[in-house]
Amino acid sequence: MKMLDPALIGVRWTLYDLVDRLYGTRINATLNELQIKGCMDFLDEGQSVWRMPGRRQGLFRAWSHIATRNRRLRLHGLDVGGVLAQTDQPEAAIDLVMTRLQIPERLWMDYFALELSKLHGWAGFVRWRAQAKGYYWQDRNPADLVDFIAIRLVLSLPLIEEAGKQHQHDFRYPAWVRYLEERPHECLLRHELHSGAILPDYAHRVEVVLDSGDADRIKALCLEYEHETTAREAATRAQRLQELCERAGIPRAELAGKRSGALRRMIEAVYAFRSHEGFVWTQALERTYIRALLGKLAAHRASTPDPASEPGLGELREKGSDVQALFCIDVRSERLRRQLERVGHYETFGVAGFFGVPVNFIELGKGHETALCPAIVTPTNVALEMPHRHAHGGHSLFHLATEVVHDLKGTVLAPYITVEAVGLLFGFDMAGKTLAPAAYNRWRKTLDNGKQPTRLVIDKISRVDALDLIATLQDEMVVRAVDRHFGIKREAITTGMIHELRKIALAQASAPSDFARRFDLDTAAETLFLTSLRLEYGLNPDQAKIQLEHLARIGFRIERQAMLVGNLLKTIGLVDGFAKIVLVVGHGSSSQNNPYESALDCGACGGDRGLVNARIFAAMANRREVRERLAERGIRIPDETWFVPALHDTTTDETTLDDIEQLPPGRLTQVARIQADLAAAGRLCARERCIELGETGVDSSESAADRVKRHAVDWSQVRPEWGLSKNASFIIAGRSLTRALDLEGRAFLHSYDHRLDPSGELLVGILSGPLIVAQWINMEHYFSAVDNEVFGSGSKIYHNVVGRFGVMTGNVGDLRTGLPAQTVLKGERPYHQPMRLITLIEAPLSCVQDAFAKVFKVRELVQNGWVRLLVLDPATGCASLFEQGGWTTQPWPPGTEWRIKASHPVTAPPPRRPRKRVATPETSA
């Protein structure tokens, strides 16, 4: 046992940590509770009906304004008014508290780090919020870590001082240093007693001796306690060591023999192993997976025709496919791709699920932008959703009822009238979702009209059209202002008057106006009204310029559309041989009552569904102007080829085609067959899913499909699907490498043909984008599985949503980070196998090394051991694994050589053989 080191004050312990540890107080818990409640009030994003006042002043000032009048703080003995009366600046408050506690300036940064670690979830969210550019709630209600630390220090000061009065002790920094140096034995016994680590049979004796205050008795008992603790620990370790030696086959007699040295060697081995024990198991998992993966690929290669027998690039592409499909690289897409290729003659590709289209999306009926792209990308273009035609029938019954409930929640009488007003309706809703969720959901859809058909605005708006839109908006503002200020309705004023008022406000004309003369306004009244137009309604040149800049972000120019489509097609190797139908399949998840739903959606789309990106990409690829520009770059898409967006629901494995009404009439028969094939493949996937979920009574693909659909609509279901759990590898290769292989839904599959990438630029793009996002996902699952309580978020059963931005366990607690237990654990055992991402690239090793050297972030991840890099070189037939700073090579497949004979230059794809239409087999499970 070691005495408490005074040098650790302010580095490992805050002052109140020592008070809690040595005197059994709960200052830290009280601080956490008070600060959490303050953060919940300030950071709320619309969940609370009664809003915290003064939030636009910033976190510290808004909190200070309330804290000075907060009776709850006074009941806790927290009179913060003395500090807050001296300053309303967070920096000054921090300086005041640290000076009053006499903490040396050299320790301030360490002390602040300790304070932030107490509520790392809340501190992390505040930090992210402060650094997020354009985040609406941060712009409206600013907060940063300086505010966060200032509030915590201001709250801690009176708690520390009050504890000092109760225990008649000075708890400032210099006094603590003297206390630990002059009375080390008393400090050690106090720490053992109040931390709960004390030996049970010593607890009463220690308490009595501490109360006596006799320094000699305290020292004697401390020395005795140290000796006894050491002896018991030694006995425990000796017993464990003996058991270990017996299992290792070392006889007890040899262990006790002095000359054999077995005991010393065993102890040294234990300590050597202990330093990297966790890493040994991680490496064992990874090596096992790598061997199994290479074995599967080798067996697959041996069972397929020699690729050298096919001319040029043809061996990497499926012949005669009349339908092609672009899927997200998500591990859940691997199952659907495999089953779809099984039930029909399909050629599938894998690509990041935002389909190379970074965009901010404004959904119909919503006024804010949603970034549909990976977090490492900042989109500059905006796409709008507009109604395809006027909806008929108004809102659905349940939509109206939901609005009623939301309005009632904001009234004081809500507890008395909510049940009477809509309780029967939603009581029936709850009963249906609980007792028969699948049947109830089908019935409810008959009442709900659903979302009206929409179209996407993806083309640039001309400057003339933009100016007309702004003028129309400004005219509407003038009409509203006239009505509000003078009570004059629209029918009483002319269009000429409206235009003139707008131009005067924009300094394009001069007063007086016809409006003023018509309604007898004097100069002062007209000037006041014009000032209101400029300030309150934004009718001024600066605001008009901002509006024009916003409109300029809407849509993509034709050249940009062609570039985005061409880059993606070239990246996945689809530059010729286009089928008549090319599916663009985004994905999303369906679940009820699930705050973690975005973790089940598309990571490449920023945690949103991928349908919008699929629709935008398909619309771009179908445009004649885009295809003309692609043809100039060597990518010729036939006129009969049509790109069709679709959405794969990863919970039910149902795939729904979108924008079908835009297809030529002659394609509808083919679309019907595709829908049937997708449904069949989805049912086969559902059966695999049910087996992994441990479902019983599922004896057919049809019953499996019904079961997973029920999970999607069951509000009590804590695990509607496993999501991306068990993800293990990222494979960058042509589909021929893995086609028909069951990769168990554990592999991210990104299509890549190194022959179309002589410069390595396409591989660099894959490494710097999709690979990094996949590594984030892998590490999120890794840490959440290794220690779910610390790095994950615990059981979602006890979670409460906070302010619409996070969850916490119980009604007051730290914001939970990571994934819930239901995502990575099966019972108490890990379901997700924690291993680093195994990245396998099919390309010449020299090309991979060149690309690897160009991407600093990926090079850093690989060299520091966060990603395992494995290269399959088709030219040498070897697999090269990067580990311990170098490459280790072994033949692949084992004991054989596999070489591709290049019949054509890598700079230009060879002519393709004519496609043969193959009948689609109808299969069922």
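So, here's what we can say about the structure. Sequence positions are assigned chain by chain, starting from 1 and proceeding in written order. Selection of residues for local features in this predicted model requires a pLDDT of at least 70, selection of side-chain atom pairs for listing and counting requires 80 or more, and totals for whole chains, interfaces and linings are taken over all residues. Side-chain descriptors were evaluated using all non-hydrogen atoms of the structure, hydrogens and water having been removed beforehand.

## Concerning the overall build of the protein chain
Phase 1 of the analysis: From N to C terminus, the protein chain includes 37 helices and 19 strands.
Phase 2 of the analysis: Categorising residues by exposure relies on relative accessible area from a 1.4 Å probe, with only protein chains included: less than 20% of the type maximum marks a residue as buried, more than 50% marks it as exposed, and the intermediate range marks it as partly exposed. Per-residue burial over the protein chain gives 49% buried out of 925 residues.
Phase 3 of the analysis: Contacts are assigned to residue pairs that have any heavy atoms within 4.5 Å of one another. Restricting to contacts in the protein chain with at least 6 residues of sequence separation, those with at least 24 account for 71%.
Phase 4 of the analysis: Total accessible area computed for the protein chain in this model is approximately 45,800 Å², and 54% of it derives from carbon and sulfur atoms. Counting from the N terminus, the helices are the DSSP runs of H or I reaching at least four residues and the strands are the DSSP runs of E reaching at least two. Residue burial considers only the protein chains on display, and all accessible areas are found by Shrake-Rupley using a 1.4 Å probe.

## A closer look at the side chain of Glu115
Phase 1 of the analysis: One can find Glu115 in helix 7 (residues 108-118).
Phase 2 of the analysis: Here Glu115 falls in the buried class, since its relative accessible area comes to 1%.
Phase 3 of the analysis: Whenever two N or O atoms come within 3.5 Å, that pair is a polar contact, provided that in protein one can donate a hydrogen and the other can accept it, and provided that, for residues adjacent in sequence, both atoms are side-chain atoms. A polar side-chain atom of Glu115 sits 2.5 Å from a polar atom in the side chain of Tyr16.
Phase 4 of the analysis: Beyond its immediate chain neighbours, meaning those up to four positions away, Glu115 contacts Thr14, Tyr16, Arg152 and Leu153.

## Details of the sheet that holds strand 5 (residues 382-387)
Phase 1 of the analysis: Note: two strands are recorded as paired if DSSP finds a minimum of 2 bridges between them. The four strands are arranged 4-3-5-6 in an open sheet whose pairing can be described as mixed. On the outer flanks of this sheet lie strand 4 (370-372) and strand 6 (454-457), each paired with one strand and no other. With direction set aside, neighbouring strand axes in the sheet form an average angle of 35°.
Phase 2 of the analysis: The pairing of strand 3 (residues 359-362) with strand 4 spans three bridges and is antiparallel. In the strand pairing of strand 4, Asn360 is matched with Ala371.
Phase 3 of the analysis: Across the sheet, helix 29 (residues 611-621) is in contact with strand 3, strand 4, strand 5 and strand 6; its angle to strand 6 comes to roughly 65°. What counts as an axis is a line fitted to C-alpha atoms, over the stretch in contact for a helix, and the angles between N-to-C directions run from 0 to 180 degrees.

## Regarding the sheet that holds strand 9 (residues 654-657)
Phase 1 of the analysis: Across the sheet, which stays open at both edges, the five strands sit in the order 2-1-7-8-9 with mixed pairing between neighbours. Only two strands of the sheet have a single neighbouring strand rather than two, namely strand 2 (346-351) and strand 9. Going from strand to strand, the sheet's axes swing by 25° on average, the running direction of each strand aside.
Phase 2 of the analysis: In this structure, strand 1 (residues 323-328) lies alongside strand 2, joined through six bridges in parallel fashion.

## Observations concerning a positive patch on the surface
Phase 1 of the analysis: Residues Arg51, Arg56, Arg140 and Arg804 make up a contiguous surface patch of positive charge.
Phase 2 of the analysis: By the element assignment, Arg140 lies in helix 9 (residues 136-140). Think of a patch as exposed residues, more than 30% relative accessible area, with no salt bridge, where like charges cluster within 9 Å and nonpolar side chains (Val, Leu, Ile, Met, Phe, Trp, Tyr) cluster within 5 Å. Here a salt bridge means any side-chain nitrogen of Lys or Arg lying within 4 Å of a carboxyl oxygen belonging to Asp or Glu. Charge counting follows a simple rule: Lys and Arg are positive, Asp and Glu are negative, and His as well as the terminal groups are ignored. By convention, the charge on Lys lies at NZ, on Arg at CZ, on Asp at CG and on Glu at CD.

## Examining the packing of aromatic side chains
Phase 1 of the analysis: When the centres of two rings from Phe, Tyr and Trp lie within 6.5 Å, Trp using its six-membered ring, the rings pair. Their planes under 30 degrees apart give stacked, over 60 give edge-to-face, and anything left gives tilted. Under the counting rule described, the total for this entry stands at 25 aromatic pairs.
Phase 2 of the analysis: Put simply, the rings of Trp122, Phe125, Trp128, Tyr135 and Phe805 pair up and form one aromatic cluster.
Phase 3 of the analysis: Charge-over-ring contacts are defined here by two conditions on Lys NZ or Arg CZ: a distance within 6 Å of the ring centre and an angle within 35 degrees of the ring normal. One Lys or Arg, Arg518, reaches over the ring of Phe519 and ends 4.8 Å from the middle of that ring.

## So, the pattern of salt bridges
Between side chains of opposite charge, pairing is possible as soon as their charged atoms come close.
Phase 1 of the analysis: What the rule picks out here adds up to 46 salt bridges.
Phase 2 of the analysis: For the salt bridge of Arg868 with Glu286, the shortest nitrogen-to-oxygen distance reads 2.7 Å. Of the two residues, Arg868 is situated in strand 17 (residues 867-873) and Glu286 in helix 17 (residues 277-303); the sequence distance between them amounts to 582 residues. The pair Arg868 / Glu286 is uniform in exposure class, with both members buried.
Phase 3 of the analysis: The partner of Glu625 in a salt bridge is Arg624, with the nearest N and O atoms 3.7 Å apart.
Phase 4 of the analysis: A residue is classified by how much of its surface remains accessible, and Arg624, at 53% relative accessible area, is exposed.
Phase 5 of the analysis: The network of salt bridges with shared partners includes Glu334, Arg335, Arg338, Glu688, Glu692 and Asp742.

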